[in-house]
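One letter stands for each residue in the lines below.
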Amino acid sequence: MPVSQHTIAGTVLTMPVRIRVANVHSAVFSVPAAAAQHLIDYSGLEVCQYRPGKAIVMQLLVRYVDGDLGKYHEYGTAVMVNPPGVRTRGPRALAGAAAFIHHLPVDQSFTLEAGRTIWGFPKIMAEFSVREGKKFSFDVSTDGQLIAGIEFSRGLPVPTGSAQVLKTYSHLDGVTREIPWEMKLSGLRARLGGARMHLGEHPYAKELASLGLPKRALASLSAAKVEMTFGDAHAI
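Residues numbered from 1 in each chain as written. Predicted model: local features only at pLDDT ≥ 70, side-chain atom pairs only at ≥ 80, totals over all residues. Heavy atoms only, no water.

- An unreviewed UniProt entry lists the protein chain under the name Acetoacetate decarboxylase family protein, from Mycobacterium kubicae.

Digging into the pattern of salt bridges
(1) Moving on: According to the stated counting rule, one finds seven salt bridges in the structure shown.
(2) Moving on: Between Arg20 and Asp68 there is a salt bridge whose closest N-O contact spans 3.1 Å. Note that Arg20 is positioned in strand β3 (residues 17-32) and Asp68 in the loop between β5 (54-67) and β6 (72-82), a separation of 48 residues in sequence.
(3) Moving on: Between Arg87 and Glu46 there is a salt bridge, with its nearest N and O atoms 3.9 Å apart. Linking Arg87 in the loop between β6 and β7 (98-106) with Glu46 in strand β4 (residues 46-47), this pair joins segments that are 41 residues apart in sequence.
(4) Moving on: Under the relative-accessibility criterion, Glu46 is labelled partly exposed at 27%.
(5) Moving on: One salt-bridge network, held together by shared partners, links Arg20, Asp66 and Asp68. (Salt bridge = Lys/Arg side-chain N within 4 Å of Asp/Glu carboxyl O. Helix = DSSP H or I, 4+ residues; strand = E, 2+ residues; numbered from the N terminus. Buried < 20%, exposed > 50% of the residue type's maximum accessible area, 1.4 Å probe, protein only.)

Here's what the structure looks like:
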């Protein structure tokens, strides 16, 4: 099978794209399934109801340190969805659920072009303010408007296993795509709650408010080192 390649801003990327070092902070929220479904109806996907009438939305800050796409920050809104054709519900359904990427601001133009061109990720340019200390926090803004910010409390160490093979979905220009990727975590910490969120006035913030955010997080997680590979997207 021939190797797939993509040319982005004069640079040839050979698939799969590799991220050698990144770190992640994530807050997990339980939101009304009807509101989450309304938010992502354009994708044609169905939210995963882990409890009757409840869905999971994740807010993530990823700092890419070393990888094929360069060094950058990324803020994601991920809604957990059922793969096409799957109708399972309940806590066990989350084990087979996938992440649909609804928001994805970044702060570098190369990854913006690559994300939109190769995978159909809804990347936009943004500015990030990150603070490290007793508590880790960040704000993300675009067009001079605050989208959101989150302050994290430190979690407890959690054992990690082998690399995980996952699915992610995106939607851009009327096309929903499935992206295969693999992730390996180390330095994982987690706790119940542990994340305080605030929203700004940007339209993205208003969409998050429609889900009942900000509110208490179900859980928060961080990973000191993340390795990832992303394969080619395909339309579904």
